[in-house]
Amino acid sequence: MYTEEYRRLKESFVQGYGGGTVAEVGTVLTFSFLCLVLSRVASPSRPASELGGGGGVGAAARFACEFALGVVPMVLVYTVFSNFSALATFSAVVAVVIAGSARNAISRSVRYAGGIAPSVPSASSPAPAPPSPDDFSHAASPCCSSPKPADPHYGTSRGDGGGLRGTFRVLGNNSLERECRSLLNDLRSCAFVDDVRAVVIMLTVLGILAVDFPAFPRRFAKTEFYGTSGMDAGVGLFVLLSGMSFAISHARRQAAAAASIAVLGSSRKARKATDTSEREFSSHVHNRRRCCPRFIGRVIGLWKGALMKFTVCYRKLCSFFTVFIRLGRCLLPVLCELRRVAPLLVIAALRIVLLKSIGYQLHASEYGVHWNFFVTLAALPVLATIFGISRTNQELNQRNILLLSFVIMAVHEFLLICGLEKYTRLHERTENSNLIVLNCEGLLSLPGYLVLYLIGMAFGNQVAYMARSGGRLSGWLWIALQYAFSLLATLSCYGLSKHFLGPASRVVVNVTYISYTLCLWCLICFLSLCSYLLYPSPTGTIAYGISKNMLVIFLISNLLTGLVNLTIDTLSAGAMFTVFILLLYCGVVFGVAFNLGNQNKTVKLFF
């Protein structure tokens, strides 16, 4: 079935579109997130008796409830009901308010029945957390998700001596240890970030297959060069997620290192006191018995002179190799980062080989002939390391990151105005073209994606700072106000840049596209934080599994997309058949995510 003519039809089917409006994209994105919130507040939470256990009837019921409330409406609005996105968003708002209010009322009634007096939350203290009943539990703050299945770091199923927490229980009197333990718990289970990750991955997973069906609106598909669409925003949002994950993982490593130092310091206190007393006693005995004849002093003087001459020669020799030593110190973080992203490069190479071998359709104007999104994901951490932001840094300065991103964005936009944007849009590829010309779209988009990656790191640093400062309710309210202000600021920047610099372009990632993506990112973060402040509840199992295995879920969805395109004639599929295939496809992908989240497993593709 996959002939040369069919391949050309498939390529032409996804080319030449100009996208839609920012308002419609924001409406659909808001509806998708509200569906995720509805599945979280309306689905029964996992009972405490099942923590660390397997699936069973309860797990199947929870998956069916989360899938029906969170995934099925997304599929319908992205296909047959795409013209009613505003009405669907209003209906989702009403449903979330009703379900959230009912859940809060049930939690309060359970708390009163248990004899717990109600308390009024102050501006400097976190919201009160009612006890978890069999079917409902509570997240204490936007940065603390529900207790997940047994995790050895949390010690939920290992008694008092489980992992790092067991060590903290033994040495719990130290304030530094308690602070490190609290920070580790907050960073390991950040429900606010989990929902942001989940909604972006869910939209990406749905869009990469739905775009091949005629029932998917063409205004949602990727634009040819200029324009704004949902799939265009998905690429930038994924890059922002990668930067946020980089910063949060960096903060988690810092907390773990501080915890280890605190544990070692506490264990050495008694030993230090003993060693000090022993040294004082030995010094006292040695001073009484010390005898230094005159000839021994002369020998020591000659030895010092020879040692000084050797030191001078050694320094001259070392100065010759100083350049190589400094070069090695600079290249070591880059080499370590290349080793870490090696699986992504392998996946990118395998994708190129498979597409060429089976004659799969290739949209060359998207990234180039040999370039793909996996190469971009692998290149961004390496570029950040070259600019001095590596995983071994002791502190990721927020101001320096934002300043570096602004400088890169300004230089990149200046080069685009000078002619690179016009060359990318009008150049032609021939058989004699070199690799740079064949992949100029992917290469020229790297600086813009690096800006988004660095800004994502800044957002991640903000979340880590809130976790480090205790995560008070007043702090999260201030963060929500910052997100609202950033939303208005980025929307204004988008309008100004579109008027003075031109429309948004995902191909070259200009300033207008960066402003457009940041506007949608601030919208998601604001909605997620407000949802947890108004209706605190545990993270859904599907969302939790997606958040902990983003790259694995994205890779599985890519493989299934290729399998569906090779076995089904998507161009002649009707609307109902399209919905059926998309629901089956989402059921498989999100079923894997649910299983991973239910068992609290994280599949790592990095070294």
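Note that the structure is a prediction, hence the values are computed from the model and not measured.

Brief notes about the overall build of the chain
Thinking step 1. For the chain, the helix and strand inventory stands at 22 helices and zero strands.
Thinking step 2. The buried share among the 607 residues of the chain stands at 49%.
Thinking step 3. If you take every contact in the chain between residues at least 6 apart in sequence, the share linking residues at least 24 apart comes to 84%.
Thinking step 4. With an accessible surface of roughly 29600 Å², the chain has 66% of that area assigned to carbon and sulfur atoms.

Some details on the pattern of salt bridges
Thinking step 1. Following the criterion strictly, the structure yields four salt bridges and no others.
Thinking step 2. When the shortest N-O distance is used, the salt bridge between Arg340 and Glu337 registers 3.8 Å. In this pair, Arg340 and Glu337 are both assigned in helix 11 (residues 322-340), three residues apart and thus about one turn of the helix distant.

Brief notes about the packing of aromatic side chains
Thinking step 1. In total, this model carries 16 aromatic pairs according to the counting rule given.
Thinking step 2. With 4.8 Å between their ring centres and 80 degrees between their planes, Phe225 and Tyr226 make a pair best called edge-to-face.
Thinking step 3. The partly exposed category is assigned to Tyr226, whose relative accessible area is 29%.
Thinking step 4. What links up through ring pairs into an aromatic cluster is the set Phe238, Tyr367, Phe373, Phe374 and Phe554.
Thinking step 5. One residue, Arg40, lies across the ring of Tyr532, its end atom 3.9 Å from the ring centre.
Thinking step 6. Over the ring of Phe220 we find Arg219; its NZ or CZ atom is 5.1 Å from the centre of that ring.

What about the packing of helix 21 (residues 550-567) against helix 22 (residues 575-598)?
When two helices pack together, their arrangement is given by the angle between the helix axes and by the axis-to-axis distance.
Thinking step 1. Between helix 21 and helix 22, whose axes approach to 10 Å, the crossing angle comes to 150 degrees. Judged on the interaxial angle alone, helix 22 and helix 21 are roughly antiparallel. With respect to the hand of their crossing, helix 21 and helix 22 are arranged in right-handed fashion. Contacts between helix 21 and helix 22 involve Ile553, Ile556, Ser557, Leu560, Thr561 and Val564 on the former and, on the latter, Ile581, Tyr585, Val588, Val589, Val592 and Ala593.

Some words on the nonpolar core
When a protein is soluble and globular, its nonpolar side chains tend to lie buried together.
Thinking step 1. Core analysis: the largest hydrophobic core is formed by 132 residues, its most contacted members being Phe192, Tyr449, Trp521 and Phe590.
Thinking step 2. Ignoring any residue separated from it by four or fewer positions in sequence, one finds Phe590 in contact with Phe63, Phe67, Val71, Met202, Val205, Ile542 and Ile546.

A few points about the environment of Ala59
Thinking step 1. Looking at the element boundaries, Ala59 is found in helix 3 (residues 57-70).
Thinking step 2. Each C-alpha atom, one on Ala59 and one on Phe594, is 9.0 Å from the other, the two residues being 535 residues apart in sequence.
Thinking step 3. Dropping the residues within four chain positions of it, Ala59 is found in contact with Phe594 and Asn598.

Thoughts on the packing of helix 8 (residues 191-210) against helix 22
Thinking step 1. Closest axis-to-axis distance for the helix 8/helix 22 pair is 11 Å, and the angle between their directions is 140 degrees. Viewed along their axes, helix 8 and helix 22 adopt a mutual orientation that is oblique. As for how helix 8 packs across helix 22, the hand of that crossing is right-handed. Across the interface between the two elements, Met202, Val205, Leu206, Ile208, Leu209 and Ala210 from helix 8 touch Leu582, Tyr585, Cys586, Val589 and Phe590 from helix 22.

Comments concerning the environment of Phe238
Thinking step 1. Here Phe238 is to be found in helix 9 (residues 230-289).
Thinking step 2. Setting aside chain neighbours within four positions, we find Phe238 in contact with Val200, Ile201, Phe373, Leu377 and Phe554.

Section: the environment of Gln482
Thinking step 1. Residue position: Gln482 is located in helix 18 (residues 473-500).
Thinking step 2. Spatially, the C-alpha atoms of Gln482 and Cys522 are 9.2 Å apart, while their sequence positions differ by 40 residues.

Brief notes about unusual backbone geometry
Thinking step 1. Unlike most non-glycine residues, Val509 shows phi in positive territory, near 55 degrees.
Thinking step 2. Among the secondary structure elements, Val509 is positioned in the loop between helix 18 and helix 19 (511-534).
Thinking step 3. Val509 sits in the buried class, given a relative accessible area of 0%.
Thinking step 4. Here Asn600, not a glycine, exhibits a phi torsion of approximately 55 degrees, which is positive.
Thinking step 5. Relative to the elements of secondary structure, Asn600 occurs in the segment after helix 22.

Concerning a nonpolar patch on the surface
Thinking step 1. The grouping of Leu403, Phe406, Val407, Val411, Phe414, Leu415 and Leu420 at the surface amounts to a nonpolar patch, some 660 Å² of accessible area in total.
Thinking step 2. The topology assignment puts Val411 in helix 15 (residues 398-426).
Thinking step 3. Looking at Val411, the relative accessible area reads 47%, which means it is partly exposed.

Focus: helix 12 (residues 342-358)
Thinking step 1. Between its first and last C-alpha, helix 12 extends 25 Å over 17 residues, near the 24 Å set by a 1.5 Å rise per residue.
Thinking step 2. Turning to helix 12, its buried residues are Pro343, Leu344, Ile347, Ala348 and Leu355. An end-on view of helix 12 places all buried positions within 140 degrees of arc, on one side of the element. Set apart from the buried face of helix 12 by more than 90 degrees, the exposed residues are Val353, Lys356 and Ser357.

Focus on the state of the cysteines
Thinking step 1. With the rule as written, the count across this model stands at zero disulfides.
Thinking step 2. We note that Cys493 lacks a disulfide partner, and the nearest cysteine sulfur, in Cys519, lies 9.9 Å from it.
Thinking step 3. Cys493 gets classed as partly exposed once you look at its relative accessible area, which sits at 42%.

Here we look at the side chain of Thr30
Thinking step 1. Within the fold, Thr30 resides in helix 2 (residues 22-42).
Thinking step 2. We classify Thr30 as buried; its relative accessible area is 16%.
Thinking step 3. Filtering out sequence-adjacent residues up to four positions away, Thr30 remains in contact with Thr89, Leu523 and Leu527.

Here we look at the confidence of the model for the chain
Thinking step 1. The predicted model of the chain averages 75 in pLDDT, with 69% of residues at 70 or higher.
Thinking step 2. Confidence over residues 47-55 falls short of pLDDT 50; this stretch has 15 contacts with residues more than four positions distant or in other chains.
Thinking step 3. Within the model, the stretch residues 277-292 combines pLDDT values under 50 with zero contacts to residues more than four positions away or in other chains.

Here we look at helix 15
Residue pairs spaced three or four apart in an α-helix point in one direction, given the helix's 3.6 residues per turn.
Thinking step 1. In the structure, helix 15 departs most strongly from a straight axis at Ile417, where the bend amounts to approximately 70 degrees.
Thinking step 2. Taken residue by residue, helix 15 has Ile401, Leu404, Ser405, Ile408, Met409, His412, Glu413, Leu416, Glu421 and Thr424 as its buried positions.

Quick notes on the rules
Residues numbered from 1 in each chain as written. Predicted model: local features only at pLDDT ≥ 70, side-chain atom pairs only at ≥ 80, totals over all residues. Heavy atoms only, no water. Helix = DSSP H or I, 4+ residues; strand = E, 2+ residues; numbered from the N terminus. Buried < 20%, exposed > 50% of the residue type's maximum accessible area, 1.4 Å probe, protein only. Contact = heavy atoms within 4.5 Å. Areas by Shrake-Rupley, 256 points an atom, 1.4 Å probe, with all protein chains shown as cover. Salt bridge = Lys/Arg side-chain N within 4 Å of Asp/Glu carboxyl O. Phe/Tyr/Trp six-rings, centres within 6.5 Å; stacked < 30°, edge-to-face > 60°. Lys NZ or Arg CZ within 6 Å of the ring centre and 35° of its normal. Axes fitted to C-alpha atoms, helices over the stretch in contact; angles between N-to-C directions. Parallel < 35°, antiparallel > 145°, perpendicular 65-115°, else oblique. Left-handed = near helix turned anticlockwise from the far one by under 90°. Core = buried A, V, L, I, M, F, W, Y, C linked by side-chain atoms within 4.5 Å. Patch = residues over 30% accessible without salt bridge, like charges linked within 9 Å, V, L, I, M, F, W, Y side chains within 5 Å. Expected span 1.5 Å × (residues − 1). Arc of directions from axis to C-beta. Disulfide = S-S within 2.5 Å. pLDDT = per-residue confidence, 0-100. Bend = angle between axes of the 7 residues up to and from the residue.

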